[in-house]
Amino acid sequence: MKYLLLLLLGLLPAPKAASPVTPVPTHPKNIILLIGDGMGLTQISAAVYPGGEPRKLNLQAFPVTGLVKTHSYNKLITDSAAAATAFGCGCKTKNGVIGLNHKMQPCTSVLELAKAQGLATGLVVNSHITDATPAAFLAHVPERGMMEDIAAYFATNSLDCLIGGGQKYFEQRADGQNLYQKMEDSGWQMSGYKTTSLQNTTPNPAHPFAWFSAWEKPGTILDGREYLLEATTKATSFLQKRSEKGFFLMVEGSQIDWACHQKNAEWALREIQEFDQVVGAALEFARRDGNTLVIVTADHETGGMSLVQSNKGDKVDVEFNTGSHTATLVPLYAFGPGAEAFNGVYDNTKIYQKMREALQLQDVQPVKN
Ligand code: MG
Ligand code: ZN
């Protein structure tokens, strides 16, 4: 009280103002969305406790975490198509549906909105690029198996960078079209596993860029497939140069799901470990750049995986309760400007809304093919 009185009378120096703090921007320029297909909390835990000492994952560096409800419009247990339509396009739909709402009307994806606003866009996967998760960011078809129809959506100008398998659906088509050639003719830099390795590919940011990793499905990591890290690094630096307005990139660790469907713990662990390296690379980019929001999540859990006491010393054994997906909530991790919005428990459609708000994306109509 006495201090306050003296202060008011001007007899004491006023306390120093806090030193200016650089305000943290809430609107990033770029978003990197990393999807571990089938990667529930137990899959992540399996990578923390693979045997011996607990491992520290790159996922532990994220300041914000959330939990995501994954049910689809018609099922409590989603598939990858409905889940990717939810976080890619913001609408709950029926299992098996790509980029359409439950009334079968097209819904615009965050990637399409980003593109319409001048951002560069990319999809990087280690499945075929026409598989459900990447497809829902660009295609609008009623059935996830319509690979050739999905491929046609990629052969437009909505995308700047494509890395994944499934070259067949562009070249060897029932309609006789050669979309690979068509893309090349319209200015795309086309290459693939047949002619050049990704390491030896230096895309020019003046043109869109595609590299195919396989004719159909890429091999597993146990067979020596491991391009996702290289692809992510290449895609981020390419997209950064491609548009000064920013970029939206989705990277999928596609085969965590495939391994868990097969109840193959060793395979799953190796895929998760690769995916965590990709997470590390995205974080490194975001830390350097300072204007990138990194989001890591899953479309659903696969396998009902649990970690139980091993009878071989102080170890855990992986057990699977099913060869299908489960309804368990999946974790979400966020880092960078706008990350705080991802704190809490919410529906997968909210991921779309939060990404739109972060990038301040306006409404546009979906691209029709
Ligand atoms: Mg997938
Ligand atoms: Zn699956």
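Whatever comes next refers back to the structure up there.
Source: prediction; values computed, not measured.

*Asks:* Would you take a moment to explain the coordination of the magnesium ion (ligand 1) for this structure?
*Replies:* Around a metal, the ideal angle is 109.5 degrees if four donors adopt a tetrahedral arrangement and 90 or 180 degrees if six donors adopt an octahedral arrangement. Around the magnesium ion (ligand 1), the protein contributes the donor atoms D37 (OD), T133 (OG1) and E252 (OE), which lie 2.0 to 2.2 Å from the metal centre. Between consecutive donor residues of the magnesium ion (ligand 1), the sequence gaps follow D-x95-T-x118-E. On the criterion of sequence distance, the pair formed by D37 in the loop between β1 (30-36) and α2 (41-48) and E252 in strand β7 (residues 247-253) is long-range, its members being 215 residues apart.

*Asks:* I tried to follow the packing of helix α9 (residues 228-242) against helix α11 (residues 265-289) on my own but got confused; where do I start?
*Replies:* The packing of two helices is summarised by the inter-axis angle and the distance between the axes. Relative to each other, α9 and α11 sit at 25°, their axes nearing to 9 Å. On the basis of the axis angle, α9 is roughly parallel to α11. Between α9 and α11 lies a crossing of right-handed hand. Each of L228, L229, T232, T233, T236 and Q240 in α9 lies in contact with α11, whose residues at this interface are E274, Q277, V278, A281, F285 and D289. Within the contact of α9 with α11, the residues separate by chemical class into five nonpolar, five polar and two charged.

*Asks:* How should I be thinking about the coordination of the zinc ion (ligand 2) in this particular structure?
*Replies:* Binding of the zinc ion (ligand 2) to the protein goes through D257 (OD), D257 (OD), H261 (NE2) and H325 (NE2), at separations of 2.1 to 2.3 Å. Seen from the zinc ion (ligand 2), its four donor atoms lie at angles of 58 to 153°, and the figure they make is irregular. Within one chain, the residues serving as donors to the zinc ion (ligand 2) are arranged as D-x3-H-x63-H. A residue pair is termed long-range when its members are at least 10 positions apart, and D257 in helix α10 (residues 255-261) and H325 in strand β12 (residues 325-326) qualify at 68 residues.

*Asks:* For this particular structure, what's the right way to read unusual backbone geometry?
*Replies:* Glycine aside, residues mostly have negative phi angles, and peptide bonds mostly take the trans form. Here the phi dihedral of M104 falls at roughly 65°; this positive angle occurs in a residue that is not glycine. Residue placement: M104 occurs in the loop between α3 (80-89) and α4 (110-116). Even without a glycine there, the phi angle at Q360 is positive, about 55°. With respect to the secondary-structure elements, Q360 resides in the segment after α12 (348-359). Overall, Q360 belongs to the partly exposed group, its relative accessible area being 45%.

What counts and how
Residues numbered from 1 in each chain as written. Chains lettered and ligands numbered in written order. Predicted model: local features only at pLDDT ≥ 70, side-chain atom pairs only at ≥ 80, totals over all residues. Heavy atoms only, no water. Donors = N, O, S within 2.8 Å, 3.2 Å for Na, K, Ca; no water. Helix = DSSP H or I, 4+ residues; strand = E, 2+ residues; numbered from the N terminus. Axes fitted to C-alpha atoms, helices over the stretch in contact; angles between N-to-C directions. Parallel < 35°, antiparallel > 145°, perpendicular 65-115°, else oblique. Left-handed = near helix turned anticlockwise from the far one by under 90°. Contact = heavy atoms within 4.5 Å. Nonpolar A, V, L, I, M, F, W, Y, C, P; charged D, E, K, R; others polar. Tetrahedral: all angles 85-135°; square planar, octahedral: opposite > 155°, others 65-115°. Buried < 20%, exposed > 50% of the residue type's maximum accessible area, 1.4 Å probe, protein only.

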